[in-house]
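If you want the building blocks of each chain, they are given just below.
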Amino acid sequence: MVKESYLMVDALAQRDNTFTRMDARVKVLLSVLALAAVVGLPGFKLPLFIFALTSALILAIRVPFKIVAGRMLPPVFLGIVVFLFMALFHQGSQVFSLEMLGLELKIYGEGLILGTTVLLRIISSVSILLCLSLTTPVHELGYALIWFHIPRVIVEILLLTYRYLFVLWDEGMRIRQAQAMRLGYPDWRNPAGWKKAVNSTSTLMAMVFIRAYDRAENTFSAMQIRGYNGDIAGQRYKKTA
Amino acid sequence: MIIEVHQVQYTYSDGTKALEGVDFEIPGGQFTILLGPNGSGKTTFFKVITGLLNPEQGDIKIEGRPFREFSREELYKRIGFVFQDPNDQLFAPTVGDDVAFGPINLKLSPDEVSNRVRESLEMVGIPHLINKPVHYLSYGQKKRAAIAGVLAMKPDIIILDEPTAGLDPAGVREIMELLVKLNKKEKITILMATHDVDLVPLYADRIFILHMGHILLAGTPAEVFSQKETVRGAQLRLPRVAHLAEILAKRDHMAVAELPLTIGEARKMILANVNGDVNAYGS
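All values reported here derive from a predicted model rather than from experimental measurement.

A. Structural context of the overall build of chain A. Looking only at helices and strands, one finds nine helices and two strands in chain A. Ordered by position from the N terminus, the helices and strands of chain A form the series α-α-α-α-α-β-β-α-α-α-α. With 241 residues in all, chain A has 37% of them scored as buried. Here the analysis covers contacts within chain A between residues at least 6 apart in sequence; of these, 66% occur between residues at least 24 apart. When the accessible surface of chain A is summed, it comes to about 14,400 Å², and 71% of that surface belongs to carbon and sulfur atoms. Between the centroid of the 25 positive side chains of chain A and the centroid of its 15 negative side chains there is a distance of 5 Å.

Right under this line is the structure:
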C-alpha cells in the first residue's frame, strides 16, 4: 500500500520553483551521470560531495524534514546493516576487537573501508533519486524517458501506474475506513484483534485488486472509444500552455 | 435519424438478460434522455450502441448505414461516449495529455491536436487546468475533463452515462448547462442516461424510459409523464412539481388541465387557478 509520504512527494514535485521548472531531460541526465559516478568511482569524497549538494538542494526547496527522513531512513538502515556485516566479516587486518557476552567481535580495516563506501554510495544514490522525484512530476519524467528512447511500453506502464496509484489509494482508504467504522480493526494488541485485523486487511487487498481489474476493463473501453491502437504516445502532443 | 436501433438483445455471460429487444431512434440535433432505474440496462445499451459490446441479435444503424460497415475510426469520429465515473476515462497523467489522446489517435498534425485540446478545454470551461495532473482535480472538474476528451474527437453525437451522478446541485446545473450549450450552440446531438426525473423536463427534447431491458415509453417529456402509472411501474416517479399538481388536483380540487413538469409551468397553473382563468395556462 502506498504511504502518505509518496503522495506528498508528488505534491512537492508539482510546486513551482527553479528546479521544478528545469527541463526534466536535463535532470534525468544529471541524475544518471551522478549515480554512475557515485557507484562507479572509488573513494569517499565524491559520494560525500554529492550528498552535501543534494542535501543543500533539498533544503533550498524547503522539503519538510519528515518527508526526507521517511524516504531516506529505510535505505540508510539497510546500508548500516551492510556496513556492519562488512566491518565484522570481511577478512583483513584487524583494527580493534571487543568482547561482548563472551563473544569476541573483531573489526577489520578493509571491511570498515568497504562498508563505509557502500553506505555512502547508498546514501548519496538515494539522495540523488529523492532530489529527482522532489523536483520532477512523474509525467514529465515519463516524457523525458521516452525522449531517451526507453522502451515505450515501460514508460506507458509507469505513467498508468502513476495515474491509477492515486485512484486505488483512494479506493483502498475508503474500504479501510468502512471496515474501521464497523470494527474491522479492533485491537492489534490481543491475538483475536490481530486475527481480525489481518482478515480485514486481506479482504481489503482482494477488493482493491478486484476493483483495479474492473477499472482496467472500463479504462480500456474508454480508450477504445477514443481510437486506442496500442500506443498512448503522449510525447507527440505539442504543449501550447 | 442519426442512430436507429432495432430489436437489440444482449445477455451477459452469467445469464442476465440486460437488453431484450430494444427499439430506439435518435433524431440528429436533439437532446435525448434515456431514463431508467438502476439495473435497467442503460449502461449496457450505451456500450452496445457504441460498439463496446456486440449484441446477440438486432440491427444498429448510424445515419442509415449498418453499424458493422463502420471502421472503428469512422465510428468514434461520429460517436463520443462519456463514462459515468470520470476516473475510468481519464487515464493520462495530465488533463492536456488526456484530451490529446483521441486527436493523436486520429493521426492529426501536432498543431491540430494542440488546437483541439485548447478548444475542447475552453468549451468545457477548464482551459486553465491543461497542465494539471488529473488526480488533483475535483470530481466536477474530472467530469468536465472527461467530456473535453470526447469533444476533442469532434463527434456528431455525445453519449453520456449518468453525467450528473455524484455532483452537488451547482455541479449538476453546470454540467447540464454545458450539455445544453453543446447541443444548441455546437449542434452536437446529446444522448444521456439518468434516473433523476426532475432534470428531464428542464432539458430534454425527447425521452425514452428503459425498464428491464425494454423501452417502455418514448416521446416528449409531456407525452411520457402523462402515462403516470407506466412511469411509476418502471420504478420511477413523476417530477416533483407534477406530483404536487397531482395532489393539488386530487385533494384540493385545483383545476389541472395538463400536468406541469417545471416550476414555470406549475407557477402558471397556480396563477391561473388563483385568477380563475384555468384554460389560460394549458394553451
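Still to come is the rest of the account.
B. Up close: the confidence of the model for chain B. In the predicted model, chain B carries a mean pLDDT of 90, and the fraction of residues at 70 or more is 98%. Overall fold confidence for the complex sits at a pTM of 0.80, while the interface term, ipTM, reaches 0.73.

C. Focus on the pattern of salt bridges. Going through the model one piece at a time under the given rule, you end up with 19 salt bridges over all chains. Of the charged contacts in the structure, one is a salt bridge between Arg65(B) and Glu74(B), with a shortest N-O distance of 3.5 Å. A relative accessible area of 28% places Glu74(B) in the partly exposed class. The closest approach of N and O atoms between Lys154(B) and Glu119(B), which form a salt bridge, is 3.6 Å. With Lys154(B) in the loop between α6 (139-151) and β7 (157-161) and Glu119(B) in helix α5 (residues 110-123), the pair connects residues that are 35 residues apart, well separated along the chain. Given a relative accessible area of 43%, Lys154(B) falls into the partly exposed group. A single network of salt bridges, built from pairs that share partners, joins Glu171(A), Arg215(A), Asp85(B) and Asp88(B).

D. Looking closely at empty space enclosed by the protein. Scanning all chains against the criterion turns up three cavities of 30 Å³ or more. Approximately 90 Å³ is the volume found for the largest cavity. Lining the largest cavity are eleven residues, with Tyr143(A), Ile232(A), Phe91(B), Ala92(B) and Pro93(B) positioned closest to its centre. For the lining of the largest cavity, the secondary-structure elements that each account for two or more residues are α8 (152-181) of chain A together with α4 (95-105) of chain B. If you tally residues by element for the lining of the largest cavity, the top one is α4(B), at three residues. Here the lining of the largest cavity is built from residues that sort into nine nonpolar, one polar and one charged.

E. Quick look at the packing of helix α3 (residues 24-40) of chain A against helix α7 (residues 138-147) of chain A. Residue and element names in this part refer to chain A. Interaxial distance between α3 and α7 falls to 8 Å at its minimum, and their mutual angle equals 75°. Between α3 and α7, the angle falls in the class roughly perpendicular. Contact with α3, carried on its side by Ala24, Arg25 and Val28, involves Glu140, Leu141, Ala144, Leu145 and Trp147 of α7 and no other residues of that element. The residue makeup of the contact of α3 with α7, split by class, is six nonpolar, no polar and two charged.

F. Spatial organisation of a nonpolar patch on the surface. Residue and element names in this part refer to chain A. On the surface, Val95, Phe96, Leu98, Met100, Leu101 and Leu105 cluster together into a nonpolar patch covering about 590 Å² of accessible area. Sort the elements by how many residues they give to the nonpolar patch and strand β1 (residues 94-100) lands first, with four residues. Inspection of the secondary structure puts Met100 in strand β1.

G. Expanded view of the packing of helix α4 (residues 45-60) of chain A against helix α6 (residues 109-135) of chain A. Residue and element names in this part refer to chain A. Between α4 and α6, whose axes approach to 9 Å, the crossing angle comes to 30°. As the angle between them shows, α4 and α6 are arranged roughly parallel. Once α4 is placed against α6, the crossing between them reads as left-handed. Residue-level inspection shows Pro47, Leu48, Ile50, Phe51, Thr54, Leu57 and Ile58 of α4 in contact with α6, the latter providing Leu120, Arg121, Ile123, Ser124, Ser127, Ile128, Leu130, Cys131, Leu134 and Thr135. A class-by-class count of the residues in the contact of α4 with α6 yields twelve nonpolar, four polar and one charged.

H. Just the nonpolar core, in detail. All names here are of chain B. By size, the foremost hydrophobic cluster in this structure holds 53 residues, and its most contacted members are Ile147, Ile158, Leu179, Leu182 and Phe225. Once residues lying within four places of it in the same chain are set aside, the contact partners of Leu182 are Met123, Ile147, Leu151, Ile158, Lys187, Ile188 and Ile190. The next biggest cluster of nonpolar side chains, apart from the first, holds 35 residues, and it includes Ile26, Tyr76, Met153 and Phe208.

I. How the structure looks around the packing of aromatic side chains. Under the defined criterion, the tally for this structure stands at twelve aromatic pairs over all chains. Aromatic side chains Phe220(A) and Tyr228(A) sit 6.2 Å apart centroid to centroid with 90° between the ring planes, which places their arrangement in the edge-to-face category. Take Phe220(A): its relative accessible area is 41%, and that puts it in the partly exposed class. What makes Tyr228(A) buried here is its relative accessible area of 17%. Summarising the aromatic geometry, the rings of Phe24(B) and Phe208(B) are spaced 4.1 Å apart at their centres and angled 35° between planes, so their arrangement reads as tilted. Pair noted here: Phe24(B) is in strand β2 (residues 17-26) and Phe208(B) is in strand β9 (residues 206-211), with a separation of 184 residues, a long-range link. A cation sits over an aromatic face here: Arg163(A) above Tyr164(A), 5.2 Å from the ring centre. One Lys or Arg, Arg65(B), reaches over the ring of Phe70(B) and ends 4.2 Å from the middle of that ring.

J. Geometry of the domain arrangement of chain A. Under the domain assignment used here, chain A contains domain 1 (2-136) and domain 2 (151-225). For domain 1 of chain A and domain 2 of chain A, the distance between their C-alpha centres works out to 31 Å.

K. Local environment of helix α12 (residues 263-275) of chain B. Residues and elements named next belong to chain B. With 13 residues, α12 should cover 18 Å at 1.5 Å per step; its first-to-last C-alpha distance of 18 Å lies within 8% of that length. The complete set of buried residues in α12 reads Ala266, Met269 and Ala272. End-on, the buried residues of α12 take up no more than an arc of 125°, which puts them together on one face. When the buried face of α12 is taken as reference, the exposed residues oriented beyond 90 degrees from it are Ile263, Arg267, Lys268, Val274 and Asn275. Taken from the residues just after α12, Gly276 is the one with a positive phi, measuring 75°.

Thresholds, definitions, all that
- Here the residue numbers are simple positions, counted from 1 along each chain's written sequence.
- Chain labels run from A onward and ligand labels from 1 onward, assigned in the order the entries are written.
- Where totals are concerned, whole chains, interfaces and linings use all residues; where local detail is concerned, this predicted model gives features only for residues with pLDDT of at least 70, and gives and counts side-chain atom pairs only at 80 or more.
- No hydrogens and no water enter the side-chain calculation; it runs on all heavy atoms of the structure.
- Secondary structure is summarised from DSSP: a helix means a run of H or I of at least four residues, a strand means a run of E of at least two, and numbering begins at the N terminus for each.
- Here the term buried applies to any residue with accessible area under 20% of the maximum for its type, exposed to any over 50%, and partly exposed to those in between, with areas from a 1.4 Å probe on protein chains only.
- Here, residues are in contact when the closest pair of their heavy atoms is within 4.5 Å.
- Method for areas: the Shrake-Rupley scheme with a 1.4 Å probe, in which residue coverage is limited to the protein chains shown.
- Charged residues are defined here as Lys and Arg on the positive side and Asp and Glu on the negative side; His and the ends of the chain fall outside this count.
- A charged residue contributes its charge at one atom only: NZ of Lys, CZ of Arg, CG of Asp or CD of Glu.
- Confidence scores here are pLDDT values: one per residue, from the predictor, ranging 0 to 100.
- Every case where a carboxyl oxygen of Asp or Glu lies within 4 Å of a side-chain nitrogen of Lys or Arg is listed as a salt bridge.
- Any residue with an atom within 4 Å of a point lines the site, the site being either a cavity, points on a 1 Å grid over the protein atoms alone where a 1.4 Å probe fits but cannot get out, or a pocket, an open set with protein on both sides within 12 Å along at least 5 of 7 lines.
- Grid points are joined across faces, edges and corners, and a volume is the space filled by probe spheres set on the points.
- Polar here means any residue other than Ala, Val, Leu, Ile, Met, Phe, Trp, Tyr, Cys and Pro, which are nonpolar, and Asp, Glu, Lys and Arg, which are charged; Gly is therefore polar.
- Angular values range over 0 to 180 degrees, each being the angle between N-to-C directions of two axes fitted as lines to C-alpha atoms, with helices fitted over their stretch in contact.
- Should an angle fall under 35 degrees it is taken as roughly parallel, and over 145 as roughly antiparallel, whereas 65 to 115 is taken as roughly perpendicular and any remaining angle as oblique.
- Within the patch definition used here, like charges are joined within 9 Å and nonpolar side chains (Val, Leu, Ile, Met, Phe, Trp, Tyr) within 5 Å, considering only residues with over 30% relative accessible area and no salt bridge.
- Less than a right angle of anticlockwise turn of the near helix away from the far helix marks a crossing as left-handed, whereas a clockwise turn marks it as right-handed.
- Put simply, a nonpolar core is a bunch of buried Ala, Val, Leu, Ile, Met, Phe, Trp, Tyr and Cys residues held in one set by side-chain atoms that sit within 4.5 Å of each other.
- Aromatic pairing here means that ring centres of Phe, Tyr or Trp (its six-membered ring) are within 6.5 Å. Orientation follows from the plane angle: under 30 degrees is stacked, over 60 is edge-to-face, and everything else is tilted.
- The rule is short: NZ of Lys or CZ of Arg within 6 Å of the ring centre and within 35 degrees of the ring normal puts a charge over the ring.
- Domain boundaries shown here were taken from an automatic or database domain assignment.
- Expected helix span is computed as 1.5 Å times (number of residues minus one).
- To be clear, the arc concerns the directions from the helix axis to the C-beta atoms.

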